[in-house]
Amino acid sequence: MQTQDVIRLGREHLRSMSGHVFDVLEVKEPISPDAAVNLSKVISKLSPLVGNMIEFNSVEFLNDQEDFHGHGIWQRQDPGFPDTIFQGVTPTPGFEIKAWFPLATEITARFKDSQNHFAHDQTHVAMLAWLPEQLIFGKPKILGVCVVSGLSVAQARDNHYHNPPDYLVLEPEDTASRTQNLQQTNTNGYKFQGTQEEFREAQELVASWGPNAMQYSPTPEYQERLRELIARFRYRLDTNFAKMDRIVHPGIEEFKTSIYRLNFHGKTVGEWNKLLGSKGRDEEIRTALQEHLGIREEDAEELLL
DNA sequence: TACCCTGGTCATACGCAGAC
DNA sequence: GTCTGCGTATGACCAGGGTA
């Protein structure tokens, strides 16, 4: 079995997880419509915890597949990149697993790894969209899975953001001499903060680099030029850099659209997202939850007796 | 006016080094 | 051994400007 075979099979199995319910955690049904409204406002707090559970359960799920038996084993790396690797073939295939809770305001998972990490296209990104079975309570259910190559995501990110001198994508510095926890492995984005006059000056500097000045490159030579800009002009670190929601990767955009269009308990996921995320519409939220989830006032009365 | 995009902030966590 | 600081990392929400 070759690296790309493992990736292909892994992709197929991960995609087959659509509709799968993880029996790892269960949120109890709220006892009243008011409790349901309150729960709808805080359910996203579960996202990091459930996201992690989904990540390591995905590894178990892959190891349960007979296709891989006798060829190697999937192992979780935490911390480490990617989240799961297949020990048994080289180059080592892996999946970086990102859980997405589509009632959140945006996909907050980031992908900051350098293009340099994907020389053999051996690492893919698997995004798993999940919701509680009953929208705001129940067990986590996978709505859909999107698997795309890590290289394509890194390239989409760099091409989307990099626009010198206005916006710079910088590769990690050489931090090999630092202790492990202080070593940099991620790219970062920087936004120009100087005056218009300084911006024109910076533009002239970029123009002096030649015809490929605007073309992003992770090579040391090109990165050295970018660091010259950072040293001469004011930039700010962009804390939203590389959010999966913002890098305009065609596969991820298509996946987002398909998830938001899914029908889930009487509305599309996108409609639930808008409704539950809106301010001052508690009565509307309450009515929708009562209508589509069957939460009744009488239930609360029975439970309180 | 609703929606989208961008910029910003907050909360939390980890692992290591150095001080005590 | 414990505490604290540092640098890095992740995930969530909110505000404001631009636009259809």
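Residues numbered from 1 in each chain as written. Chains lettered and ligands numbered in written order. Predicted model: local features only at pLDDT ≥ 70, side-chain atom pairs only at ≥ 80, totals over all residues. Heavy atoms only, no water.

1. Focus on unusual backbone geometry
Put simply, the test is: Working definition: helices are DSSP H or I runs of at least four residues, strands are E runs of at least two. Numbering for both runs from the N terminus.
Look at the link from threonine 90 to proline 91: it is a cis peptide, with omega at -10°. You can see proline 91 is positioned in the loop between strand E2 (84–87) and strand E3 (94–100). Backbone torsion omega between proline 164 and proline 165 reads 5°, so that peptide bond is classified as cis. Looking at the element boundaries, proline 165 is found in the loop between helix H4 (150–161) and strand E6 (167–170). You will see that valine 248, though not glycine, has its phi angle at about 55°, which is positive. Counting through the fold element by element, valine 248 comes out in the loop between strand E8 (235–237) and helix H7 (250–261).

2. Here's the deal with the pairing of E6
Selection criterion: Exposure is judged per residue with a 1.4 Å probe applied to protein chains only, and the accessible area is read against the type maximum: over 50% gives exposed, under 20% gives buried, and values in between give partly exposed. At least two bridges found by DSSP between two strands are what make those strands a pair.
Going residue by residue along E6, you find Tyr167 and Val169 tucked away on one face and Leu168 and Leu170 tucked away on the opposite face as well. Here E6 runs beside strand E7 (residues 188–192); their pairing, made up of 4 bridges, is antiparallel. Looking at the pairing, leucine 170 lines up with asparagine 188 of E7.

3. Regarding the sheet that holds E7
Operational definition: Interaxial angles span 0 to 180 degrees and are taken between N-to-C directions of axes, which are lines fitted to C-alpha atoms, for helices over the stretch in contact.
An order of E6-E7-E8 is seen for the 3 strands of this open sheet, with the pairing classed as antiparallel. Edge positions in the sheet fall to E6 and E8, since each of these pairs with one other strand and no more. Geometrically, the sheet is characterised by an average inter-axis angle of 30° between neighbouring strands, direction not taken into account. Sheet analysis places E7 next to E8, joined by 3 bridges and oriented antiparallel. Among the inter-strand pairings, tyrosine 190 is bridged to a residue of E8, identified as leucine 237.

4. So, the domain arrangement of chain A
So the rule is basically this: All domain edges in this entry derive from an automatic or database-based domain assignment. Any two residues having at least one pair of non-hydrogen atoms within 4.5 Å are treated as being in contact. The term buried area denotes the loss of accessible surface (1.4 Å probe radius) that occurs when two parts are joined, taken as the sum for both partners. The salt bridge definition used is simple: a Lys or Arg side-chain nitrogen within 4 Å of an Asp or Glu carboxyl oxygen. Two N or O atoms form a polar contact when they lie within 3.5 Å of each other; inside protein one atom must be a possible hydrogen donor and the other a possible acceptor, and for residues adjacent in sequence the pair counts only when both atoms belong to side chains. Only Asp, Glu, Lys and Arg are considered charged in this grouping, and only Ala, Val, Leu, Ile, Met, Phe, Trp, Tyr, Cys and Pro are considered nonpolar; every other residue, Gly among them, is considered polar.
According to the domain assignment, chain A consists of domain 1 (3–157 + 243–304) and domain 2 (160–237). In this structure, domain 1 and domain 2 have C-alpha centres spaced 33 Å apart. The interface of domain 1 with domain 2 comprises 12 residues on the first partner and 9 residues on the second. Together domain 1 and domain 2 conceal approximately 910 Å² of surface at their shared face, both sides included; 43% is due to carbon and sulfur atoms. For the domain 1 face of the interface with domain 2, the top three residues by lost area are Lys112, Gln115 and Arg157, together amounting to 50%. Linking domain 1 with domain 2 are 0 salt bridges, by the criterion used here. Remark: the boundary between domain 1 and domain 2 carries 6 residue pairs in polar contact (both at pLDDT 80 or more). A breakdown of the residues in the side of domain 1 that touches domain 2 according to their chemical character gives 3 nonpolar, 4 polar and 5 charged.

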